[in-house]
Amino acid sequence: MTGKAGIKPEKRRYLVRIILAMALYLGSLFAAEVLIEDQGMTGWPAYLLAALPGLAFASIFWIFARLVVEERDEFFRLLYIRQMMVATGLTLTAAAVWGFLETYLPVDHIRAFWWPTIWCLGLGIGAIYNKLTLGTYGECA
């Protein structure tokens, strides 16, 4: 069953949640840049504000998991789980390899906030993997 604009309700909820999470992420990131970096905010308010972009970004994992739980079509659920497995495998492998490179060789440090970003990129790679192996990447219809 589809609703407005032919989008299933669970997919619509997913999109609304992502939009809200990204709005919080961008807003808190901007606020942290201005208030902490430019204006020198310190103390517990600075710690709280500095943590907000990371918490907003972390909500992406919960949002994607909710999509899996709320999805009524078992095949789409399979596609989403495969995407998460590819994303998680790629991210953890990259983090482990880079961690050992940092331990034993003079390579640049990668800030931790890039690992969830790589996970999101891995979702896209997982969708491509689904398309190549199952013929679909989970079109929104």
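Rules used throughout
- Residues numbered from 1 in each chain as written.
- Predicted model: local features only at pLDDT ≥ 70, side-chain atom pairs only at ≥ 80, totals over all residues.
- Heavy atoms only, no water.
- Phe/Tyr/Trp six-rings, centres within 6.5 Å; stacked < 30°, edge-to-face > 60°.
- Lys NZ or Arg CZ within 6 Å of the ring centre and 35° of its normal.
- Core = buried A, V, L, I, M, F, W, Y, C linked by side-chain atoms within 4.5 Å.
- Buried < 20%, exposed > 50% of the residue type's maximum accessible area, 1.4 Å probe, protein only.
- Helix = DSSP H or I, 4+ residues; strand = E, 2+ residues; numbered from the N terminus.
- Contact = heavy atoms within 4.5 Å.
- Patch = residues over 30% accessible without salt bridge, like charges linked within 9 Å, V, L, I, M, F, W, Y side chains within 5 Å.
- Areas by Shrake-Rupley, 256 points an atom, 1.4 Å probe, with all protein chains shown as cover.
- Salt bridge = Lys/Arg side-chain N within 4 Å of Asp/Glu carboxyl O.
- Axes fitted to C-alpha atoms, helices over the stretch in contact; angles between N-to-C directions.
- Parallel < 35°, antiparallel > 145°, perpendicular 65-115°, else oblique.
- Nonpolar A, V, L, I, M, F, W, Y, C, P; charged D, E, K, R; others polar.
- pLDDT = per-residue confidence, 0-100.

Below, the discussion takes up the packing of aromatic side chains. Applying the stated criterion across every chain, the model contains eight aromatic pairs. Members of the aromatic cluster, connected to one another through ring pairs, are Tyr14, Phe61, Phe64, Phe76, Tyr80 and Trp119. Across from the ring centre of Phe76, 4.4 Å away, lies the NZ or CZ of Lys8, which sits over that ring.

This part takes up the nonpolar core. Core analysis: the largest hydrophobic core is formed by 14 residues, its most contacted members being Phe64, Tyr80, Met84, Trp119 and Leu123. Elements represented by at least two residues in this core include exactly α1 (9-38), α2 (43-70), α3 (74-104) and α4 (114-134). If near-sequence neighbours (up to four positions away) are discounted, Phe64 is found in contact with Tyr14, Tyr80, Gln83, Met84, Trp119 and Leu123.

Moving on, we come to a nonpolar patch on the surface. A grouping of Phe100, Tyr104, Leu105 and Val107 is seen on the molecular surface, where their side chains present a nonpolar patch of about 440 Å² in accessible area. Counting through the fold element by element, Leu105 comes out in the loop between α3 and α4.

As a further point, take the packing of α1 against α2. Where α1 meets α2, the axes come as close as 8 Å, and the angle between the chain directions of the two elements is 170°. What the angle tells us is that α1 and α2 run roughly antiparallel. Looking at the contact of α1 with α2 residue by residue, the classes come out as 23 nonpolar, two polar and six charged.

This paragraph deals with the confidence of the model for the protein. Where the model shows low pLDDT, its predicted coordinates should not be examined in detail. Per-residue pLDDT for the protein averages 93, and the proportion of residues at 70 or more is 94%. When the elements of the protein are averaged for pLDDT, α4 gives the smallest value, 95, and α3 the largest, 97.

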